[in-house]
Amino acid sequence: MKRIQVYVLYGMLSTALLMASCNKSFLDRPSLNNPTLDTYYNTPDEVNGATSLLYNQVWYDFIDKAFHCIGEVYSGNMLTSAGDPNYGNNTYVYMTVQATDGQDLNAWNAFYKVVGNANVLINTFQQKKAQVSDPAYLNQGIAEARFIRGVAYFYIGRVYGDAPIITDPVALADSGNFNVPRYYQEDVLKFALQDLEAAEAGLPATPYQPGRVTKYSAIGMEAKLFLYLATFFNQPQYYDSAAVKAREVIDYAQSTGNIALNPDYLGMFTNPDIAKASKETLFALQWVASGGYSYANAIQAYAGPAPLLKPDFNTGYSSVIPTLDLLNAYQSGDLRKSWSVMQQGFHRADWKNVNFPNGFTYDTMPGGQPDDAYHITTGTRSNSLKYVIGPKSTGFNFSSQGGNDMPIYILRYADVLLIYAEAVLGTQASTSDPSALAAFNAVHERAGLPPVSSLTKDMIMYERRVEFAFEGDYWFDIQRQGFAKAQQIINAQERGTLNGDGSINHLGGNLHSPEQLFMPIPSDEVLADPELAQPPVHYHF
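What you are looking at is a predicted structure, and each value in this text was computed from that prediction instead of being measured.

Peer 1: What's the story with the overall build of the chain in this structure? I'm lost.
Peer 2: The helix and strand tally for the chain stands at 21 helices and 12 strands. Relative to the globule expectation of 24 Å for 541 residues, the C-alpha radius of gyration of the chain, 23 Å, shows essentially globular dimensions. Projected onto the principal axes, the alpha-carbon positions of the chain cover approximately 70 × 55 × 50 Å. When the 541 residues of the chain are sorted by exposure, 60% land in the buried category. For the chain, restricting intrachain contacts to residue pairs at least 6 apart in sequence, the fraction spanning at least 24 positions comes to 71%. Of the roughly 19600 Å² of accessible surface on the chain, a fraction of 50% belongs to carbon and sulfur atoms. When the 36 positive and 52 negative side-chain charges of the chain are each reduced to one mean point, those points stand 1 Å apart.

Peer 1: Even after reading the chapter, I still don't get the packing of helix H4 (residues 102–128) against helix H5 (residues 136–160), so can you show me in this structure?
Peer 2: Helix-helix packing is described using two parameters, namely the angle between the two axes and the distance between the axes. Two numbers describe how H4 lies on H5: the axes approach to 9 Å, and their chain directions differ by 155°. Accordingly, the angle class assigned to the pair H4 and H5 is roughly antiparallel. Once H4 is placed against H5, the crossing between them reads as left-handed. A class-by-class count of the residues in the contact of H4 with H5 yields 20 nonpolar, three polar and four charged.

Peer 1: Can you help me understand the side chain of Gln57 in this one?
Peer 2: Looking at the element boundaries, Gln57 is found in the loop between helix H1 (44–52) and helix H2 (60–73). Note on Gln57: relative accessible area 13%, which makes it buried. Setting aside chain neighbours within four positions, we find Gln57 in contact with Lys113, Trp287, Ser294 and Tyr295.

Peer 1: What's the story with unusual backbone geometry in this structure? I'm lost.
Peer 2: Apart from glycine, the bulk of residues carry a negative phi angle, and the bulk of peptide bonds sit in the trans form. With a phi angle near 75°, Asn90 is a residue other than glycine that sits in the positive phi range. For Asn90, the position within the fold is in the loop between strand E3 (78–80) and helix H3 (91–94). One non-glycine residue with positive phi stands out, namely Tyr387, at about 70°. Classification of Tyr387 as buried rests on a relative accessible area of 0%.

Peer 1: Explain helix H7 (residues 185–202) here, please?
Peer 2: Along an α-helix, residues three or four apart share an orientation, since each turn contains 3.6 residues. Helix length check: H7 (18 residues) gives 26 Å between terminal C-alpha atoms against 26 Å at 1.5 Å per residue, within 8%. Gln185, Asp187, Val188, Leu189, Phe191, Ala192, Leu193, Asp195, Leu196, Ala199 and Glu200 are the residues of H7 that are buried. Turning to H7, the residues buried within the fold contact H5, helix H8 (215–232) and helix H9 (237–256).

Peer 1: Would you mind showing me how to read the packing of aromatic side chains here?
Peer 2: Applying the stated criterion to the full structure yields 37 aromatic pairs. Consider the rings of Phe147 and Phe283, whose centres lie 5.1 Å apart with planes at 90°: the pair is edge-to-face. Here Phe283 lies in strand E4 (residues 281–285) and Phe147 lies in helix H5, a separation of 136 residues in the sequence. Like Phe283, Phe147 is buried. When the ring of Phe269 is compared with that of Tyr387, the centres are 5.6 Å apart and the planes differ by 75°; the resulting orientation is edge-to-face. A residue pair is termed long-range when its members are at least 10 positions apart, and Phe269 in helix H10 (residues 265–270) and Tyr387 in the loop between strand E9 (383–384) and strand E10 (408–412) qualify at 118 residues. Accessibility assignment for this pair places Phe269 and Tyr387 in one class, buried.

Peer 1: How should the environment of Glu445 be read in this particular structure?
Peer 2: Tracing the sequence through the fold places Glu445 in helix H17 (residues 434–446). Separated by 13 residues in the primary sequence, Glu445 and Asp458 place their C-alpha atoms 18 Å from one another. In this view, Glu445 contacts Pro450 and Pro451; residues no more than four positions away in its chain are not counted.

Calculation criteria
Each chain has its residues counted from 1, following the order in which its sequence is written. Note on the predicted model: pLDDT of at least 70 is required for a residue's local features to be given, and 80 or more for side-chain atom pairs to be given and counted; whole-chain, interface and lining totals, by contrast, use all residues. Side-chain metrics rest on all non-hydrogen atoms present in the structure, leaving aside hydrogens and water. Comment: elements are numbered from the N terminus, with helices defined as DSSP H or I runs of at least four residues and strands as E runs of at least two. The reference for a compact globule is 2.2 Å times residues^0.38; the radius of gyration itself is calculated from the C-alpha atoms. Under the scheme applied here, a residue whose accessible area is under 20% of the maximum for its type counts as buried, over 50% as exposed, and between as partly exposed, the area being computed with a 1.4 Å probe on protein chains only. Two residues qualify as a contact provided that any one of their heavy atoms is within 4.5 Å of a heavy atom in the partner residue. Residue exposure ignores everything except the shown protein chains as possible cover, and the areas themselves are Shrake-Rupley values with a 1.4 Å probe. Counting rule applied: Lys, Arg positive; Asp, Glu negative; His and chain ends not counted. Throughout, a charge is located at the NZ atom of Lys, the CZ atom of Arg, the CG atom of Asp or the CD atom of Glu. Here an angle of 0 to 180 degrees is reported between the N-to-C directions of two axes, which are lines fitted to C-alpha atoms, with helices fitted over the stretch in contact. In what follows, roughly perpendicular refers to angles from 65 to 115 degrees, roughly parallel to angles under 35, roughly antiparallel to angles over 145, and oblique to any angle outside these ranges. The hand of a helix crossing depends on one turn: near helix anticlockwise from the far one by less than a right angle means left-handed, and clockwise means right-handed. Each residue is assigned to one of three groups, with Ala, Val, Leu, Ile, Met, Phe, Trp, Tyr, Cys and Pro labelled nonpolar, Asp, Glu, Lys and Arg labelled charged, and all others, Gly among them, labelled polar. What a helix is expected to span follows from its residue count: subtract one and scale by 1.5 Å. Within 6.5 Å between ring centres, the rings of Phe, Tyr and Trp (the latter by its six-membered ring) count as paired, and their orientation is classed by plane angle as stacked under 30 degrees, edge-to-face over 60, tilted in between.

By themselves these figures say nothing about function.
Pasting the structure below:
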C-alpha cells in the first residue's frame, strides 16, 4: 500500500509531534536523540500534547478543499468555479468524479493520516501503561485517540463505502506487505462505532482542556452513526439506538447546562472568540493562525470575496459559492440565510479595510462584468458567510493569507437535537411526539421561525440542510436516504448560474447510478494495492 500513509509518532517536544511517514520504502527509524517510550509519556501534559495534533494538521488535506467538494458541492449546496483544477474542474458539480481526482486523493490521504496517527498513539499508550503506577491519564489519551479514529472511519465509510481498516501501522510496515483488502462498508462503520463506544467509556463528562472532546461528544457521534445505519441500511432497530444516545446528550444538557444551543448563530461562524466558548460544540477541529499553512483555518481565503480580503491578505477567491438551489430553499423569515450567506447589501460595520473605512458592504454585479475593489461578481451573486471572519480590523489572529484560528465544527448540539427528532419519527409518516417536537423546535425557533406541531422526514431533512449549510454534511444526509431518494433530490436541483440579464443558465443534477453515492478509491492506491480492486471481505472483530 503506497499511499495509505502509515504515520509513526516518535515522541514530542512541547506540543509538536515528531513523525515519519511510511511508504514501500519501509519505516524510517527514530533518532537515538528522540524521546522514547521509556523517557516520554510520563505525565498527562505529555500525553495531552501528543493527542492535540489529532484536532489539527492531520485533517488539513481534507478540510482544505475536499471538505466542501464532497459535502457541499457534490450535494448541490455549493458551486465551484468552472475550470478550477483545485476543485476538480467542476467534476463535483457535474457528479463525474474520477479515481484520478486530486481532492478525492486528498481526502483519502487525510483520513488515513488521522487513522495512522491515532493508531500509533493508542498502541504506544497501551505499551506505556505497563511502566506507570497509575495509567488513568494514559487511558484518557487512548479514549481520546479512539474517538478521533472512530470519526475518521465514520468519514471513510460514508465517503468510500468499502474500505481498508488498519489498526497497527507499525506491524503492517514491519511485515513488508502493504496490500490490504477492502472491508464491507457496514464493517467499517461498526469498527467506528466500537471506537466511539470505547471513547464514551474513557472520556470525562466535561473537557479537560478547552476544545477537547468529552464522553458526550462520543455519545452524540454514536447517535449520528446509528442514524446512518438505520437509514442507509434500512435497519429500523437502529432508530431506537440513535434516539437513546441522542436523549442521553439532551438529558445531560438540560440537567447541567454544560451543553446548549448558542443564541448567537452568526457569531459561531464569524467570531473565533464566540466559537471557542460555545456550549454548542461537541467536536470541532482546532486551528492555530500562527502555525501557518496546514495549521490555520484557510476557508475564508477560498470562500470569501476579494473586496473584503484582498487589501489585507491578497486572497478572497470565491472558489466555492452558494447554489441558487440552496438560496431558494430558505423559508421566508429564516434568519439562517442572512447568517450563512452574503448577498447584495450585506453589511458589517466592523469589517474595515482601506477601501471600506466605514465597514464592508457586499455589492454584487450581474455576471460578465469585471470585479473591482468595491464589487464582486459570482455565478449566483452571493458568497458563503460561514467561516469568514473578516479582515485585520477585527483584531483576530491571522496568518499572512488570512488563515485564522476559527474552529471547524464536526458535531454540534443542534445536530443531536435533529438526530433525536428523526430517530423518534423513525419509519412513521409523521409524528407529534412532544419530545421530538421540543428538540426540533429548539433549532427551528432559534432561526426566527414559528414552532411546528407535527414532523415528517422531509421537514427534518430540510431543516438539516439549512441548519448545517456549508458545514460539509449535506451529501451524507442525501446519501443515507438511499439511491432512489437521493436521485429524486439531486436531479431536481438547480446547479446553474445567473446570466447578466438575471436569467438562469440551467444545469440540473446528474445522479444516475448507485455507484455515484461514493467517491472512487484513488487510482494511485489501487495501482499500489491491487487488493483494493477485489471484492470486499468481512472484517474479523
